[in-house]
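This is what each chain is made of:
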Amino acid sequence: MTERDEDRPEATWRSLEALDGDAGALRWRDGEFPDLARATATGRRSLLKLMGASVALAGTAGCERLPAEAPADPIVSRAGATPGHVPGEPLFFATSLPLEGYGRGVLVESHEGRPTKIEGNPLHPASLGATDAFAQAAILSLYAPDRLRAALRRGGGRRRLDGTLAQLAAEFAADGGAGLRLLTGPVSSPSLTAGIASLLDRLPEARWLQWSPVGDGNRLDGAALAFGERLETRLDLARASVIVAIDDDPLGPGPNQVANGAGFIAGRRDPARFSRLWVFEACPSLTGARADRRFPVSPRAVPAIARAVAAALGVVPPADDGVELPPGLVEDLRRAGPAAVVTAGRRAPPEVHALVHAVNLALGAVGTTVHHTRPVLAGAPSGVAALAALAAEIDAGAVSRLVVIDANPAYDAPADLDLARRIRRVPFSLCLASRLDETAAECLWTLPLAHPLESWGDLRAPNGTVGLMQPALAPPAGTMTALELVARLAGSEAPARELVRGYWEQAFPPGEFEAAWLRTLHDGVVEGTAFEEIPVRLAPGWEVPPPVPAQGEGLTVLFAPDPSVWDGQFADNAWLQELPKPLTKLVWDNAILIAPATAARLGLANGDGAVLELHGRALEAPVWLLPGHAPDCVTLPLGYGHRRGDVARGLGFDAYSVRRSEAPWVDGGAVLQPSGRRHLLATTQDHGTMVGRDLVRSVPLARLAAMAALGGEAGGEAAGEEAGEETEVAGEDLPSIYPEYDYSGPAWGMAVDLNACIGCNACVIACQVENNVPAVGKEEVARGREMHWLRIDRYWEGDPADPRIHFQPVLCMHCEKAPCEVVCPVNATVHDSEGLNVMVYNRCIGTRYCSNNCPYKVRRFNWFDYADEGGRPEVTANPDVTLRERGVMEKCTYCVQRIQKARIQAKLEDRPIADGEVVTACQQACPTRAFTFGDITDPASAVSRAKASPLNYGLLEELNTRPRTTYLARIDDPPAPEEAS
Amino acid sequence: MADAGAEAPHPPHGAIGGVVLRQRFGWRWLAAFAAAVAGSLLFVYATVVLVVRGVGVWGTNIPHVWGFDIINYAWWIGIANAASLMAAAFTVRRAPWRSALNRFAESVALFSVICAGLFPILHLGRPWLFHWVFPYPATFGVWPQFRSPLVWDFFTILTHLVVTASFWYVGLIPDLAHLRDRARGALARKVFGVLALGWRGSARHWRNHQRAYHTLAGLLVAMAVFMQSTVSTEFAVTLVPEWHQPRYPLYFVVSGLISGIGMVLVVALLARHFFELHGFITQRHLDVVSSLLIANAIVIAWSYAFEAFSSWYASKVELQSWLLRATGEFAWLYWGAVACAVLAPQVLWWRRMRRNVAALILVGLLVAVGIWLDRFMIVVGGLLGDYLPSAWEGYSPSVWEWPLLVGSIAVYGTLILLFLRFVPVIPVFEVHAGRRDEDGDEARDEDGDRSGEDDR
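Note that the structure is predicted; figures quoted are calculated from it, not measured. (Residues numbered from 1 in each chain as written. Chains lettered and ligands numbered in written order. Predicted model: local features only at pLDDT ≥ 70, side-chain atom pairs only at ≥ 80, totals over all residues.)

Peer 1: Mind showing me how you'd approach the interface of chain B and chain A here?
Peer 2: Where interface size is quoted, it is often the accessible area lost as the parts come together. With 38 residues of chain B at the interface, the matching set in chain A holds 42 residues. Among the secondary structure elements, those contributing two or more residues to the side of chain B that touches chain A are α6 (149-182) and α11 (316-327) of chain B. By residue number, the principal contributor to the side of chain B that touches chain A is α6(B), which donates three residues. In terms of residue class, the side of chain B that touches chain A is built from 23 nonpolar, 10 polar and five charged. (Contact = placed C-beta atoms within 7 Å. Helix = DSSP H or I, 4+ residues; strand = E, 2+ residues; numbered from the N terminus. Nonpolar A, V, L, I, M, F, W, Y, C, P; charged D, E, K, R; others polar.)

Now the structure itself:
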């Protein structure tokens, strides 16, 4: 591409002539997609139309490069797949997706060159075959309607960027990169790190810094305090028998979520060695939801708690601050020894991390449950300090050139740094971004960034293993990757594929490269690149860090990444926006999270507007009462309140606008007052308690042993008795007036292990992507019309100040005696020969009676033409699943298209469908393997074995619906009564 | 209108037939008709919006998949069934005083069932496919699912329409002949002549007519009860805790009945006022209707009480569900229904109230409103306490649901106004015959208030 660019610059950047900066860009976009531009200012219906406009964009993706510009490079697909490829059959590409710089290995399912679904890569250590919610939604970002497709210049000008880039490289080289600052997101990529290193070699005056608003740098700084060097910390929760999380959320979203979730649940499957989880936190998290003992504490108490734990274990001398640890904690840690683990989160200051590292070392946990390796992310300065230094340099006039790559500091930097204004003051600024985001709007030049699914590259997993990035489709002309831009600035014209390949050519032994490269492309991971564990000991000058002073009086504020849009980078993704946040169940919005008691004291209710004043800055936002939140502090979820972006703009409030660089995570001295406004917040679950009903069952660990002794049947009863006051007769024992079905082949069924569910939402969005489920927008969700076929019910139990938190994935139960079937007047929902309750869309006339008679309320109705209006660009649709028209009912099908696929394969090979051959989308995405699916007529199948467990129960089975989806009761380890007192 | 009675004080033929035959539309009628037609156009507009944009224009959601569509349907069908039942029962019992009320009841029934029948079609996600509920030999093999109460309902509405229309029309034949004979214009003579089916009033005609009329009435008594019960199965056969109750069929019959009686009373009193029919609709009729209202209200009170008891008795889920209905977000509906349908008719214990036309009309309307609230409470309130609390959700009607309610009332009003103008509102032949019969009964009529008639 680049050579050709040289030859015909006007061909490559021809659109630039029409572009004179922001206004010009908008005009260009208006000209090409007038509806799209008009739509941006208005509400939901328009939003949906807008999403529909992506179809137009996507449709042109294939013919993006005109013949004259066509690259010489073929897109290399998974080795071996293409020769036997049958048109119509999907291809799978192994690649990696970045989050906080770390790689998450995925397989991209691609139909005729269109990626339609993302699955985990079983060979990748951060995936193990599963994915998180962000990865599932990556496909929609690919078709974001406001993606940049050409270079932009702020305020006009007629220069060709192509010339500018070449010029730039020369200019930079001429004065050694004086005044050049390179600001990137967190970087783990070996090739990019090498590329930047060689750029910096060429330009000795230039400096590189990394910025992430939600980086985990404190953990590494803590290691520097404790061990004398910055080290990566990785947890192995599978081997832990006692886990103490101090304001940490290892099960929550983040680059480690999948591996941590899998490990944690692995340590809780066997009642004989069942880990115990202690959690101290202010804002309920996914980890807190699974805690056996959870303590809502203010973040100000965190340093003292860490210190008290350390002191109790003899790591530091006891402090005289009156902190009392809950009984049993220290004994647990001592008893577990090397099988214990203490962890602190990104909000905790380095001093707390240092204490935690020292505690783990003292426990002997390092090497078993805690692993230290060299840092995965590049060593360039990072964090708030680096950014503050940059701001100071800009003020001093020391920065004459700024290159921002895949970071958005103008939006997400602490408010006092005011980078939006400062970036504008830099004489030359260049930004590589996927959208015209807040930073791009301030930079002189903006270049379009290729989507990860269009990019060549490599990323390291948290354990160091390199995962390769390879494109699943050709990037639109003009886009480039970070690696390419860095190379261009260094004067190289090589395309990204050559750069990546070139880097790894050196890394492999000569002669073996071709075979190794092909295998790497196939597997998606580079073998043997995991980091060695580094033995640690306390640094010689180790001193007990001074306790961190609490800042200010008044309300404490803590900042948190949002579970759906993270730091804001996913805010333009409608699927993630509509993904109910695990605990609040809010969609399309963030809110000030506050304890019910504190809200009552301030006279605030859900959706009430409040003004938050924090050290001279203020914001107005709705509050949301979150049971289990620590009193007298509030949580501000980051990632909303964008000022740019067609989807993201105007949603929620911008918590960055009150974040200070001196207290980026926990701040004191806030004042919260009702503003008198009311906000519309859309939630998918209005009612949070089980009102005493027997819906989510759990069994205390202590009782489980007794149950096992009683044996299967009796055990089942015990499980029921434990949970609900009155367990009625199980379905099988009740008579029915309808005849029994006779199954000659398989009869499908599912077991959902509530003990394994961490509430991470991966299944919800996996189901949405697989089954072409549309996003409907905030107003429709507020009306109660969300379309998710699979939802996760969250229930609070007990005291709102400190409740137990339950998750229950609810999908169609495929009842054997389905109440929906008998009320449909036109036979549109019927039982099939394999026990599925199937929905015949084109027979449905839309009486909605079936939904009325469904006690699980899992049916969804197309109130409008959601499929056609957008919600999802048609090009991303799974071609194996029908798009539903307006006025018909739909619901979970047990991924019937996957069953069909397996059946066809089995028939071709003249054999029955094997157990485990059919994997539903939810099952495949689940990091903790909570779903088991298969043939329930085969007693040897995994699902039959699961259903034989004494923990198995059917939801509302007393209604005699005989659900085929059953649940395995959650196992809990609550404090014994004497312990609690 | 006043002149209708004034010109021909005796015999009644002149008074009733005259309304129809002398097309002197008073301004009040015209104004009412214009308002009704405007309301009907609103209904048409709301329907067009509904069909073009989809049922999403309503405030319905999951779990409240039904809103005003089914509320209105259940309300209208209740009125229809009750009015039919009332007319048919009077006929079967050969109640001597029935004739003045019968045709009002029949007409209210017919027009209500027309209004009711619109909603099950409009409420569909794809209304243009409503005929799939009908068993016909479609080439693509679609066939109704006969276990579904919606299929039963479909046949119920169809049957109701056919039988009620037949009953109404058969009862009308002698009067149409009467109009034919008295009509002055050639066109009117022709139209009434065709509609009268060659009625000459021979003894054989009378015998056949009475047989047919009474047979239909007998059928209608049984069917009104049966049909109203069928509507209730739409709720009673489901799993929804507040719907799955054995009291429903009886409850629907009784609550429908009271709304139908209320509606007949209102229409009859308005007609009496504007057409000076005091000679035909007497205090005796009003007393009978008042007694029926009171009796029904008592049965409804019992039904509410039984519901509370059975919810408490049945299970915790049903009790919670009932409590949510009676004390939750929609409690005003529950208590509104109690106030309007149970308490309001109790004022009719007082004779003064029974003689006060305004009070009677108010009670009649309140009862109709009360039963509408009751239907709202059933359709929406029933789902408030469903099995999974996670699915609990609110419902509020959108701006496109109100026009359907108002518009359907307007359609009904249009039909009633046309009826008042073009059809003898009281069976001429029966009044004639009844007058002969009642002359002998006069002594037994304790509260006989014939003054209105005698004055003339």
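Peer 1: Just checking my understanding: could you explain the sheet that holds strand β10 (residues 293-296) of chain A for this structure?
Peer 2: Note on sheets: strands pair through backbone hydrogen bonds, and any given pair is parallel or antiparallel. Residues and elements named next belong to chain A. Taken in spatial order, the four strands of this open sheet run β10-β9-β8-β11, and their pairing is parallel. Looking at which strands have only one partner, the edges of the open sheet turn out to be β10 and β11 (340-344). Averaged over all pairs of adjacent strands, the angle between their axes in this sheet comes to 10°, without regard to strand direction. Helix α13 (residues 329-336) rests against β8 (242-246), β9 (276-281) and β11 of the sheet, and its axis sits at about 130° to β8. Sitting on the sheet, helix α14 (residues 350-363) touches β8 and β11, and the angle it makes with β11 is about 175°. (Pairing = 2+ DSSP bridges. Axes fitted to C-alpha atoms, helices over the stretch in contact; angles between N-to-C directions.)

Peer 1: Would you mind going over the packing of helix α8 (residues 190-202) of chain A against helix α20 (residues 496-507) of chain A with me for this structure?
Peer 2: A pair of packed helices is characterised by two quantities: the angle between their axes and the separation of those axes. Residue and element names in this part refer to chain A. Between α8 and α20, whose axes approach to 9 Å, the crossing angle comes to 95°. Here α8 lies roughly perpendicular to α20, going by the angle between them. Residues P190, S191, A194 and G195 of α8 pack against L499, V500 and Y503 of α20. (Parallel < 35°, antiparallel > 145°, perpendicular 65-115°, else oblique.)

Peer 1: Honestly, unusual backbone geometry in this entry has me stumped. Any pointers?
Peer 2: Phi is mostly negative for residues that are not glycine, and the peptide bonds are mostly trans. The omega torsion across B:I62 and B:P63 is 15°, close enough to zero to call that bond cis. Among the secondary structure elements, B:P63 is positioned in the loop between α3 (27-53) and α4 (68-93). Here A:R962, not a glycine, exhibits a phi torsion of approximately 50°, which is positive. Along the chain, A:R962 falls in the loop between β36 (952-953) and β37 (965-968). Looking at A:R962, the number of C-beta atoms within 10 Å reads 20, which means it is buried. (Buried ≥ 20, exposed ≤ 12 C-beta atoms within 10 Å, placed from the backbone.)

Peer 1: Just to check I follow, could you spell out the sheet that holds β37(A) for this structure?
Peer 2: Residues and elements named next belong to chain A. Ordered by their spatial adjacency, four strands build an open sheet running β35-β28-β37-β36, and the pairing between neighbours is mixed. Whereas interior strands pair on both sides, the edge strands pair on one side only; in this sheet they are β35 (931-935) and β36. Taken together, the two bridges between β36 and β37 define a ladder with antiparallel strand orientation. Its bridge partner being in β37, Y953 is matched across the sheet by Y967.

Peer 1: For this particular structure, what's the right way to read helix α10 (residues 257-266) of chain A?
Peer 2: For α10(A), the buried fraction is high: nine of the 10 residues fall into the buried class. Burial in α10(A) covers these residues: A:Q257, A:V258, A:A259, A:N260, A:G261, A:A262, A:G263, A:F264 and A:I265.

Peer 1: Please clarify how the environment of B:V170 should be interpreted in this entry.
Peer 2: Residues and elements named next belong to chain B. Turning to its location among the elements, V170 is positioned in helix α6. The exposure class assigned to V170 is buried, which follows from the 20 C-beta atoms found within 10 Å. Residues V170 and I281, 111 residues apart in the sequence, show an inter-C-alpha distance of 22 Å. In this structure V170 touches A212, Y213 and L216, once residues within four positions along its chain are discounted.

The values are spatial; any link to function lies outside them.
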